[in-house]
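# Report on the structure
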Amino acid sequence: LSLPLLCAGAWVAVRYALLPLIARFDRFHEYIFLVAIGWCLGGRLAFLTAARTNIDAAVAYYGVALDDNLGEAASMGGKLLMHVAAKDDFVPPESQEKIKSALADNPKVELHVYEGCNHAFARPGGANFVQEAALKADDRTLAFLKSTIA
């Protein structure tokens, strides 16, 4: 029950808050930068936001359930940084290969694979936390955001 509510809430937020904000600021040509950062299901939402809107930047940490939406990356509005856990229990190797091959030639996508890491490797205190990989992912995220929206 909580996952469907979370998905519905995220959809409502994007549809009725984020998209109208993007349209408003685009119309007035005001200077504002919109960024989406998500982990797990939020990583999926960050991917979809980058693919479906003109957001400036999106960061997806170990996004899940992307297989059916990879074709949308061709019309990506902003730039996307993806952090993929090589041994992700929620994204099997065949799905990871689809993701990598679908996004390999997209100049708006930067994708990093973290070998030996499982899902949620960047969550401090979590069972799969890998400090070295988490710090590297966070450093890459900061550099990406600085180069994209600074």
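The structure under discussion appears in the preceding block.
Everything in this summary refers to the structure shown in the same document. (Residues numbered from 1 in each chain as written. Predicted model: local features only at pLDDT ≥ 70, side-chain atom pairs only at ≥ 80, totals over all residues. Heavy atoms only, no water.)

## Quick look at the overall build of the protein chain
The criterion, for reference: In this description a helix means any DSSP run of H or I spanning at least four residues, a strand means any run of E spanning at least two, and both kinds are numbered starting from the N terminus. Throughout, the radius of gyration refers to the C-alpha atoms, and the reference size of a globule is 2.2 Å times the residue count to the power 0.38. Burial classification: accessible surface area is computed with a 1.4 Å probe over protein chains only, and a residue below 20% of its type maximum counts as buried, one above 50% as exposed, and the rest as partly exposed. Every residue pair with non-hydrogen atoms within 4.5 Å of one another is taken to be in contact. Note that accessible areas follow from Shrake-Rupley with a 1.4 Å probe, and for residues the cover is restricted to the protein chains shown. Only four residue types enter the charge count, namely Lys and Arg as positive and Asp and Glu as negative; His and the chain termini do not. Charged groups are reduced to one reference atom each: NZ for lysine, CZ for arginine, CG for aspartic acid, CD for glutamic acid.
Along the protein chain, the regular secondary structure elements total 4 helices and 4 strands. In the protein chain, the order of α-helices and β-strands from amino to carboxyl end is α-β-α-β-β-α-β-α. Taking 15 Å as the expected radius of gyration for a compact globule of 150 residues, we find that the protein chain reaches 15 Å, a close match to that expectation. Taken along its principal axes, the extent of the C-alpha atoms in the protein chain is 45 × 40 × 30 Å. Counting the 150 residues in the protein chain, one finds 40% classified as buried. A separation threshold of at least 6 residues defines the contact pool for the protein chain, and within that pool the share at least 24 residues apart is 54%. When the accessible surface of the protein chain is split by element, carbon and sulfur atoms take 58% of a total near 8600 Å². In the protein chain, 14 side chains carry a positive charge and 16 a negative one; their mean positions are 5 Å apart.

## What to know about the layout of surface pockets
To keep it simple, the criterion reads: Computed over the protein atoms alone on a 1 Å grid, cavities are sets of points where a 1.4 Å probe fits but cannot get out and pockets are open sets with protein on both sides within 12 Å along at least five of seven lines; a residue lines them when it has an atom within 4 Å of a point. Grid points are joined across faces, edges and corners, and a volume is the space filled by probe spheres set on the points. Classification used: nonpolar for Ala, Val, Leu, Ile, Met, Phe, Trp, Tyr, Cys and Pro, charged for Asp, Glu, Lys and Arg, polar for all others including Gly.
Of the pockets and cavities examined, the largest pocket occupies roughly 250 Å³. Forming the boundary of the largest pocket are 13 residues, of which W11, V14, L45, L48 and R52 lie nearest the centre. Among the secondary structure elements, those contributing two or more residues to the lining of the largest pocket are α1 (2-28) and α2 (41-52). Tallied by class, the residues present in the lining of the largest pocket amount to 8 nonpolar, 2 polar and 3 charged.

## Here we look at the pairing of strand β4 (residues 109-114)
Quick note on the threshold: Pairing between two strands requires that DSSP report at least two bridges joining them. A clockwise course of the path from the first strand over the helix to the second, judged with the strands pointing away from the viewer, identifies a crossover as right-handed.
Direction of pairing for strand β3 (residues 79-85) relative to β4: parallel, over a ladder of 6 bridges. Looking across to β4, one finds that A85 is bridged to Y114. You can see the chain leave β3, run along helix α3 (residues 93-103) and come back into β4, and the turn it takes is right-handed.

## A closer look at helix α4 (residues 131-149)
Cut-off, in case you're wondering: One less than the number of residues in a helix, times 1.5 Å, gives the span that helix is expected to have. It is the directions from the helix axis to the C-beta atoms that the arc portrays.
With 19 residues, α4 extends 26 Å between its outermost C-alpha atoms, agreeing within 8% with the 27 Å of an ideal straight helix rising 1.5 Å per residue. All buried positions along α4 are accounted for by A133, A134, A137, T141, F144, L145 and T148. Projected down its long axis, α4 shows its buried positions confined to an angular sector of 105°, all on one face. In α4, the exposed positions angled more than 90 degrees off the buried face are occupied by Q131, E132, D139, L142, K146 and S147.

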